[in-house]
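Observations on the three-dimensional arrangement
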Amino acid sequence: MTVDFKSCKLNEFLEYKTLYYDKIDFTIVKSSWELLSKEISLPFVIHIVGTNGKGSTGRFLAHYLFKSNYKVLHYSSPHIIKFNERIWINGFDVSDENLEIAHKYIQKLLPFNLLEKLTYFEYTTLLALFLSKDCDYLVLEAGLGGEFDATNVVKNDLSLITTIGLDHQSFLGNTVEAIAKTKMRSVDNKMILGYQVNSCVLDVAQEVKKELKAEMNKEISIKIVEDFNKYSLNNKFADYLKRNLHLVLSTLEELNIPINLELFDDLTLFGRCQKIKNNITIDVGHNPLAANVLLKEFENKKITLIYNSYADKDYKEVLKILKPIIKEIIIIDIDDKRMVDKNNLVNIIKELNIIIQNEIKIDENEEYLVFGSFLVVEKFLNTMGLDEE
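The structure contained in this document is the topic of the report that follows.

Parameters and conventions
- Every chain's residues receive numbers from 1 upward, in the order its sequence appears when written.
- It should be noted that, the model being predicted, local features are given only for residues of pLDDT at least 70 and side-chain atom pairs only at 80 or more, the latter also being counted only at that level, while totals for whole chains, interfaces and linings use all residues.
- Excluding hydrogens and water, the side-chain figures rest on all heavy atoms present in the structure.
- To qualify as a helix, a DSSP run of H or I must reach at least 4 residues; to qualify as a strand, a run of E must reach at least 2; elements of each kind are numbered from the N terminus.
- Here's how the labels work: a residue is buried when its accessible area is under 20% of the maximum for its type, exposed when over 50%, partly exposed in between, all with a 1.4 Å probe on protein chains only.
- We call two residues in contact when some of their heavy atoms are within 4.5 Å.
- Pairing of aromatic side chains requires ring centres within 6.5 Å, counting the rings of Phe and Tyr and the six-membered ring of Trp. Pairs whose planes differ by under 30 degrees are stacked, by over 60 edge-to-face, and all others tilted.
- Within this document, salt bridges are pairs made up of a side-chain nitrogen of Lys or Arg and a carboxyl oxygen of Asp or Glu, the two lying within 4 Å of each other.
- Each polar contact in these results corresponds to two N or O atoms within 3.5 Å; when the atoms are within protein, one needs to be able to donate a hydrogen and the other to accept it, and residues that are neighboring in sequence are counted only if both atoms are side-chain atoms.
- For helices, the axis comes from a line fit to the C-alpha atoms of the stretch in contact; other axes are also lines fit to C-alpha atoms, and the angle between any two N-to-C directions lies between 0 and 180 degrees.
- Here the word oblique covers every angle except those under 35 degrees (roughly parallel), over 145 (roughly antiparallel) and from 65 to 115 (roughly perpendicular).
- Two helices crossing with the near one rotated counterclockwise from the far one by less than a right angle form a left-handed crossing, whereas a clockwise rotation gives a right-handed crossing.
- Polar here means any residue outside two lists: the nonpolar Ala, Val, Leu, Ile, Met, Phe, Trp, Tyr, Cys and Pro, and the charged Asp, Glu, Lys and Arg; Gly therefore counts as polar.

Points about the environment of Ile349
- With respect to the helices and strands, the residue Ile349 is situated in helix α13 (residues 342-351).
- A residue is classified by how much of its surface remains accessible, and Ile349, at 0% relative accessible area, is buried.
- Put simply, Ile349 and Phe237 are 112 residues apart on the chain and 30 Å apart in space, counted from C-alpha to C-alpha.
- Not counting the four nearest positions on each side in its chain, Ile349 is found in contact with Leu319, Ile329, Ile331, Ile354 and Ile356.

Overview of the packing of aromatic side chains
- Considering all chains together, one arrives at 14 aromatic pairs under this definition.
- A centroid spacing of 5.9 Å and a plane angle of 50° characterise the contact between Phe5 and Phe112, whose relative ring orientation is tilted. Taken together, the positions of Phe5 in the segment before α1 (10-15) and Phe112 in helix α5 (residues 112-117) put the pair 107 residues apart, joining distant regions of the chain.
- Look at Phe112 and you get partly exposed, because its relative accessible area is 35%.

Description of the pattern of salt bridges
- Enumeration over the complete set of coordinates arrives at 22 salt bridges.
- Glu351 is the partner of Lys316 in a salt bridge, and the nearest nitrogen-oxygen pair spans 3.4 Å. Separated by 35 residues along the polypeptide, Lys316 in helix α12 (residues 315-322) and Glu351 in helix α13 bring together distant segments of the chain.
- What makes Lys316 partly exposed here is its relative accessible area of 35%.
- Relative accessible area serves as the criterion here: at 51%, Glu351 is assigned to the exposed category.

Comments concerning helix α14 (residues 374-383)
- What α14 keeps buried is the set Phe374, Leu375, Val376, Val377, Phe380 and Leu381.
- In this fold, the buried residues of α14 make contact with β9 (274-277), β10 (280-283), β11 (303-307) and β14 (368-371).
- Its side-chain oxygen at 3.2 Å from the backbone nitrogen of Leu375, Ser373 defines the N-terminal cap of α14.
- Within two residues after α14, Gly385 carries a phi angle of roughly 70°, on the positive side.

Concerning the packing of helix α2 (residues 26-36) against helix α6 (residues 120-131)
- Contact geometry of α2 with α6 gives a least axis separation of 11 Å together with a crossing angle of 20°. The angle between α2 and α6 falls in the class roughly parallel. Along this stretch, α2 crosses α6, giving a crossing that reads as right-handed. For the pair α2 and α6, the contacting residues are Val29, Ser32, Trp33 and Leu36 in the first and Glu122, Leu126, Leu129 and Phe130 in the second.
- Looking at the contact of α2 with α6 residue by residue, the classes come out as six nonpolar, one polar and one charged.

Here's what the structure looks like:
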């Protein structure tokens, strides 16, 4: 079927976009940005890269900047319920109207061959860049990677490095060191390193600094957040979120913006260890790093885990980590070719001697954790009719 990419509305346009390259081709989004950059000027760009914690770090920062009377756009991915969640501007998800305005502008600007080849994520990144043109700050969350991520098509003024671990190995590398290097090579000026499980990440930062100096004559400076008890933070946030918040506070110090912790009091982080009912917590994490922080949060408790996983995730390791807190598992069925084969998942659960329940029945006397990916949380909220609450 031939699609008229020069005239269709955004929703239809995105339906025909591939989610990922089989092999990354950075030239398409680079060429597209070269055209768009002649038409708009960007604000101060804060680029967030890492394996876990990018979304919460970005929202903490964007929320604070907005509360401090700056105009700010926060670009993140993926979304849970509605696409508009990906582009947050001055306290609200972007409106359908403003999305369509940005889409029409880019449609007219770019030639057909670029519109056709841009991936879903690349195109939505261009939408965010266009919509940030009148802001003071752009908080830009990387997708899969760093150096060849669509978000790295623009020069960043400051880079925040969240926790780095193993994930997306087929694209990023098979070791923490390789993944850290790929992510950090996106840095243009200064990096601030947040909490790290793997100490080798700090060594890689120094390596990358030397490499970028030798290869591109880039002078990179490094700041490391070392004191994660410097500020007394609101207990409504899980411990791992408080570590991300310390990275944000270090960033505010770097920007010479006065710190008032009360500005975080009215912030809710959708899908990040979020209690949506007294006995139901949702979390969009999906890898061993995320499992370890949740193990700590539910220490000495027993939960019913509502779960599924992408096939390329280390779901066996995730379940091994969470086993001490699991009373039973409910596999939530998701119709997506990226999900693990259900029989494989069932076999792993049986190997670990964990009880499987066949249907979701919420008992007010039991505690539930919904975990495994954005898709898992979305499906659960839709199934239980909680997506509109």
